[in-house]
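Understanding the architecture of this molecule
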Amino acid sequence: MTGLSRARVARRIAAGAAYGGGGIGLAGAAAVGLLVAEAQLARRRVGNGTTPHVPNADGLYGAAYTVPGEPALRLTMLGDSTAAGQGVHRAGQTPGALLASGVAAIAERPVGLSTVAVPGACSDDLDRQVTRALADPSRVPDICVIMVGANDVTHRMPPTRSVRHLSSAVRRLRTAGAEVVVGTCPDLGSVEPVRQPLRWLARRASRQLAAAQTIGAVEQGGRTVSLGDLLGPEFAANPRELFGPDSYHPSAEGYATAAMAVLPTVCAALGLWPAEEERPDATRREGFLPVARAAAEAAAEAGTEVTAAMPAGARGPWALLKRRRRRRVAETEPEPSAQPS
């Protein structure tokens, strides 16, 4: 499928989400029976990913930067097991803790982390999670990170419905005053025990949903980062290092890889990234594109950021596509200040 074809499919899904449609299949109706049969076999081999234990990482990070009278930044994690950090054993290994520590170090300001993400959640749980995140009007998060979509694919949720729930969540959070970064659906075709033809179908479905998520989130004022690295090429190349014991959820190293892909976008949303990094760099193939085209390109390349850039024109809304430079992950994991927020 060409880039323009991927863009058209993503636009149709996003349009269906906006106008109430629900009939567009991710991988095609003819493949559904095969996909389900193969998924059942893969699930038995991989495990269902529902182990309830998730480290509680909520608390204050970067307490050493506390200045009297200056409040801590507030970061809230929403979504599924990926956002919650299922698969690791220590709080400091979760993506929320890694992001909170990274933001605190860059901003030189403490960051209070709150997690409302739930393992096993699909996008239709985001409404409840957003309500929890906004329960106290005096403590609206400064930044919310949403990681969701994998369970939507494996549970065969119609993509229009999935994108509709995500778009609504981003709109509610932005209306409340929070910045929003969405880590789009990871590449499920890279899960190690998954075999063909499920691997190809899962990859196609994941990328279609990721592109449509990008359109929905960006049109509501959020930013997106492709999470192909979460279960993508690096995982396929280093499964022993980047997958956790269940071969489905990331290991500590895998979460660090994902968090470092998202951190620059989180910092940019908070106004913490250097000004020169915000200008598109032609040598990295960055630039302004119609949002559907940018979404399709981002879904095909992990770590790519998409954010709204221009008002709608003849070809619809425009977006800025960026491939931010990676920062090296620290050798030692961050430890929270462990002060309840």
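From a predicted model like this one, the values you see are computed outputs, not experimental measurements.

Secondary structure summary: the protein contains 12 helices and nine strands in total. When the accessible area of the protein is evaluated, it comes to approximately 14500 Å², of which 53% is carbon and sulfur surface.

Below, the discussion takes up the nonpolar core. Among the nonpolar cores identified, the biggest contains 35 residues, and Leu-75, Met-77, Leu-99, Val-145 and Val-262 are the most heavily contacted of them. Of all the secondary structure elements, the ones that give two or more residues to this core are β2 (73-79), α3 (81-84), α4 (95-107), β3 (111-115), β4 (143-147) and α11 (252-269). At 10 residues, α11 tops the list of elements feeding residues into this core. Residues Val-163, Leu-209, Val-291 and Ala-298 belong to the second largest nonpolar core, which totals 23 residues.

Right, let's get into the pairing of β3. As defined by bridge partners, strand β1 (residues 59-61) adjoins β3 across three bridges and the pair is classed as antiparallel. Looking at β3, one finds that Tyr-61 is bridged to Val-111. Relative to β3, β2 runs parallel, the two being bridged by five bridges. Bridge pairing in β3 links Leu-73 to Val-111.

Turning our attention to the packing of α4 against α11. In contact at an axis separation of 9 Å, α4 and α11 are set at 40° when each is read in the N-to-C sense. What the angle tells us is that α4 and α11 run oblique. In this structure, α4 crosses over α11, and the sense of that crossing is right-handed. Contact residues: α4 offers Pro-95, Leu-98, Leu-99, Gly-102, Val-103 and Ile-106, while α11 offers Tyr-255, Ala-256, Ala-259, Val-262, Leu-263, Val-266 and Cys-267. Here the residues of the contact of α4 with α11 sort into 12 nonpolar, one polar and no charged.

In this section: α11. Given a rise of 1.5 Å per residue, 18 residues ought to cover 26 Å, and the 25 Å separating the end C-alpha atoms of α11 matches this to within 8%. Of all the bends in α11, the greatest reaches close to 30° and is centred on Val-262; the proline Pro-264 follows between one and four positions later. In terms of burial, α11 is largely enclosed, as 16 of its 18 residues are buried.

What counts, and at which threshold
Within any chain, residue numbers begin from 1 and follow the written order of that chain's sequence. It should be noted that, the model being predicted, local features are given only for residues of pLDDT at least 70 and side-chain atom pairs only at 80 or more, the latter also being counted only at that level, while totals for whole chains, interfaces and linings use all residues. The basis for the side-chain values is all heavy atoms of the structure; hydrogens and waters are excluded. Starting at the N terminus, helices and strands are each numbered in turn, a helix being any DSSP run of H or I of at least four residues and a strand any DSSP run of E of at least two. Residue exposure ignores everything except the shown protein chains as possible cover, and the areas themselves are Shrake-Rupley values with a 1.4 Å probe. Here, nonpolar core means buried Ala, Val, Leu, Ile, Met, Phe, Trp, Tyr and Cys residues that are tied together by side-chain atoms lying within 4.5 Å of each other. Exposure is judged per residue with a 1.4 Å probe applied to protein chains only, and the accessible area is read against the type maximum: over 50% gives exposed, under 20% gives buried, and values in between give partly exposed. Two strands qualify as a pair provided DSSP detects at least 2 bridges between them. Note on method: axes are straight lines fitted to C-alpha atoms, helices fitted across the in-contact stretch only, with angles between N-to-C directions ranging 0 to 180 degrees. Reported orientations rely on four angle classes, namely roughly parallel under 35 degrees, roughly antiparallel over 145, roughly perpendicular from 65 to 115, and oblique for the rest. Take the far helix as the reference: if the near one is turned anticlockwise from it by less than a right angle, the crossing is left-handed, and if turned clockwise, right-handed. Should any heavy atoms of two residues lie within 4.5 Å, those residues are counted as being in contact. Charged means Asp, Glu, Lys or Arg here, nonpolar means Ala, Val, Leu, Ile, Met, Phe, Trp, Tyr, Cys or Pro, and polar covers whatever is left, Gly included. Multiply 1.5 Å by the residue count of a helix minus one, and that product is the helix's expected span. Two axes enter the bend calculation: one fitted to the seven residues ending at the residue in question, the other to the seven starting there, and the bend is the angle between them.

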